[in-house]
Amino acid sequence: KIILVISFLIGTIGLASAQNLPVVQSKKVVAVVNEEPITLDEFNRELEILNQGTGGEKKVAKGKNSELLNRLIKGRLVIQEARRMGLDELKEVKERVGVFSRVTLRDELIEKQVKNIKPDEKEVERLYKESIKEWKIKSILFQKEEDAKAMDDALKKGKDFDETLKNFLADKKGKGNEEGSYLKDKELLPEIAGVVSKMKIGSTSSVVKIKTGFVIFKLEAVRFPDDLKVKEQVRQENLRQKQKEAFANYEKTLRAKSAKVNDQLLKSLDFDSKEPGFDKLLKDKRAVAE
């Protein structure tokens with residue numbers, strides 16, 4: 001038999017005020033399933049998870065409250081029936097529960113250790129600037145190295161880049177764009193990116209060899225177009241990296257405190273050696289770490 005104690009209020013927490021709910025074992029209860037209570041705390045935890053997909057707002061439609069409570073009741077009924085059938089005593093079920101428990105415990109520890117870690121805003125800003133940075137480049141691609149060297153020699157003698165570029169394009173000795181275009185770092189060939197990153201605005205490169213020929217280019221300008229989405233992605237990536245580093249350091253302290261490795265045994269192991277043989281090693285009970 002199921003006894004339901006349900007009283008809805010469309011408000012900040014979704015259920016009625018605590019005064020209207022019965023108390024079982026010092027906890028407010030929203031439903032009782034075969035004498036097993038579903039507490040207000042449990043309902044609100046599930047409600048919070050549900051709200052994570054709605055921008056974190058606590059206000060949820062009355063129909064959603066009903067759906068959530070029905071889901072909790074159905075889940076409780078299924079678990080109770082499984083226990084009645086003795087499924088919780090099966091070896092394979094116990095093994096799965098054990099694995100799930102260890103994984104949950106591990107994840108809970110990780111979350112606890114990294115919950116107060118914050119991204120490095122200075123590093124975020126630096127990485128963000130790098131990711132949105134765009135170079136305005138005018139360039140010409142030559143098939144023949146001698147044509148590229150001819151233009152390079154002309155520029156070294158003081159010839160104007162734009163005029164020289166125009167002449168070589170007119171003579172069809174190379175292909176390029178007189179107007180130039182803005183390009184992000186990821187849009188540049190590695191050979192070009194390596195050179196342009198060291199150039200000053202207004203300067204001209206020497207001949208750069210690439211797979212399809214030979215390039216000469218001029219750095220016209222640099223700009224940083226704002227992109228809030230990219231900035232948030234950079235911040236989240238920086239946060240993940242900081243959390244990873246923090247937990248790695250925590251893990252080192254745990255190893256130093258609790259782990260003992262038999263280095264001598266570990267170094268002596270040779271799985272390719274005929275002696276004592278791989279089959280014997282499979283039966284070797286010596287511990288390499290405790």
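Computed from a predicted structure; not experimentally measured.

**Details of the overall build of the chain**
Secondary structure summary: the chain contains 10 helices and 9 strands in total. The buried share among the 290 residues of the chain stands at 25%. Partitioning the contacts of the chain with sequence separation of at least 6, the portion at a separation of at least 24 is 65%. Accessible area for the chain stands at about 21,200 Å²; split by element, carbon and sulfur atoms hold 52% of it.

**So, helix H8 (residues 228-258)**
End to end, H8 covers 45 Å across 31 residues, agreeing with the expected 45 Å (1.5 Å per residue, within 8%). Within the span of H8, buried status applies to Val-234, Asn-238, Leu-239 and Phe-247. Where H8 is buried, its residues contact helix H3 (91-114) and helix H4 (121-132). Measuring from the backbone nitrogen of Lys-229 back to the side-chain oxygen at the start of H8 gives 3.2 Å, which picks out Asp-227 as the cap.

**Notes on the packing of aromatic side chains**
Counting across every chain of the model gives 3 aromatic pairs. Relative to Tyr-250, the ring of Phe-247 has its centre 5.8 Å away and its plane inclined at 50°; by these criteria the two rings are tilted. In this pair, Phe-247 and Tyr-250 both sit in helix H8, 3 residues apart, roughly one turn of the helix. By relative accessible area, which is 23% here, Tyr-250 ends up partly exposed. The lysine or arginine in question, Lys-129, covers the ring of Phe-224, its NZ or CZ lying 5.0 Å from the ring centre. Looking at Arg-223, its charged tip hangs above the ring of Tyr-182, at a distance of 3.7 Å from the centre.

**Section: H4**
Compared with an ideal rise of 1.5 Å per residue, which puts 12 residues at 16 Å, H4 spans 16 Å between its outermost C-alpha atoms and is within 8% of the ideal. Among all positions in H4, only Val-124, Tyr-128 and Ile-132 are buried. Angular distribution of buried residues about the axis of H4 spans 50°; they occupy a single face of the element. As for H4, its buried residues are in contact with strand S5 (134-142), strand S7 (181-184), strand S9 (213-223) and H8. Its side-chain oxygen 3.1 Å from the backbone nitrogen of Lys-122, Asp-120 forms the N-cap of H4.

**A look at the pairing of S9**
Burial of S9 is extensive: 8 of the 11 residues sit out of reach of the surface. As paired elements, S5 and S9 share 9 bridges and run antiparallel to each other. Looking across to S9, one finds that Glu-134 is bridged to Arg-223. Taken together, the 3 bridges between strand S8 (residues 208-210) and S9 define a ladder with antiparallel strand orientation. Considered in S9, the bridge of Ile-210 is made with Gly-213. Hairpin connection between S8 and S9: a loop of 2 residues separates the two successive antiparallel strands.

**Some words on the packing of helix H5 (residues 145-156) against helix H6 (residues 161-170)**
H6 packs onto H5 with a crossing angle of 155° between their chain directions and a minimal axis gap of 10 Å. One element, H5, and the other, H6, form an angle in the roughly antiparallel class. The interaxial crossing formed by H5 with H6 has right-handed handedness. Here Asp-147, Ala-150, Met-151, Ala-154 and Leu-155 of H5 lie close against H6, whose contacting residues are Phe-161, Thr-164, Leu-165 and Phe-168. Taken together, the residues of the contact of H5 with H6 break down into 7 nonpolar, 1 polar and 1 charged.

**Things to note about the pairing of strand S4 (residues 36-39)**
Strand residues, when the strand is regular, have side chains that alternate between the two faces of the sheet. Across 4 bridges, strand S3 (residues 27-33) lies against S4 in antiparallel orientation. Bridge assignment links Val-32 to a residue of S4, and that residue is Pro-37. In textbook terms, the turn of a hairpin is the stretch between consecutive antiparallel strands, and for S3 and S4 this stretch comprises 2 residues, one of which, Asn-34, has a positive phi near 50°.

Scoring rules and cut-offs
Numbering of residues starts from 1 in each chain and follows the order in which that chain's sequence is written. Only residues with pLDDT of 70 or above have their local features reported here, since the model is predicted, and side-chain atom pairs are shown and tallied only from 80 upward, although totals for entire chains, interfaces and linings are computed over all residues. In computing side-chain properties, one takes all heavy atoms of the structure into account and sets aside hydrogens as well as water. Helix and strand labels come from DSSP, where a helix needs a run of H or I of at least four residues and a strand needs a run of E of at least two; each type is numbered from the N terminus. Only protein chains enter the area calculation, which uses a 1.4 Å probe; residues under 20% of their type maximum are buried, those over 50% are exposed, and those in between are partly exposed. Pairs of residues are marked as contacts when any of their non-hydrogen atoms sit within 4.5 Å. Throughout, the Shrake-Rupley method with a 1.4 Å probe supplies accessible areas, and for residues the shown protein chains are the sole cover considered. Between the first and last residue of a helix there are one fewer steps than residues, each counted as 1.5 Å, and that sum is the expected span. As used in this structure description, the phrase polar contact means that two N or O atoms lie within 3.5 Å; if the pair is within protein, one of them must be able to donate a hydrogen and the other to accept it, and residues adjacent in sequence are counted only when both atoms belong to side chains. Only Phe, Tyr and Trp rings take part, Trp by its six-membered ring, and two of them pair if their centres are within 6.5 Å. Stacked means planes under 30 degrees apart, edge-to-face means over 60, and tilted covers everything else. When the NZ atom of lysine or the CZ atom of arginine is within 6 Å of a ring's centre and also within 35 degrees of its normal, the charge is said to sit over that ring. What the arc describes is the spread of directions from the helix axis to the C-beta atoms. The criterion for strand pairing is that DSSP finds at least two bridges linking the strands in question. Helix axes are fitted only over the stretch in contact, all axes being lines through C-alpha atoms; the angle between N-to-C directions runs from 0 to 180 degrees. Comment on the angle field: the value is read as roughly parallel under 35 degrees, roughly antiparallel over 145, roughly perpendicular from 65 to 115, and oblique elsewhere. In this scheme the crossing of two helices becomes right-handed for a clockwise turn of the near helix relative to the far one and left-handed for an anticlockwise turn of less than a right angle. Residues are sorted three ways: Asp, Glu, Lys and Arg are charged, Ala, Val, Leu, Ile, Met, Phe, Trp, Tyr, Cys and Pro are nonpolar, and all the rest, Gly among them, are polar.

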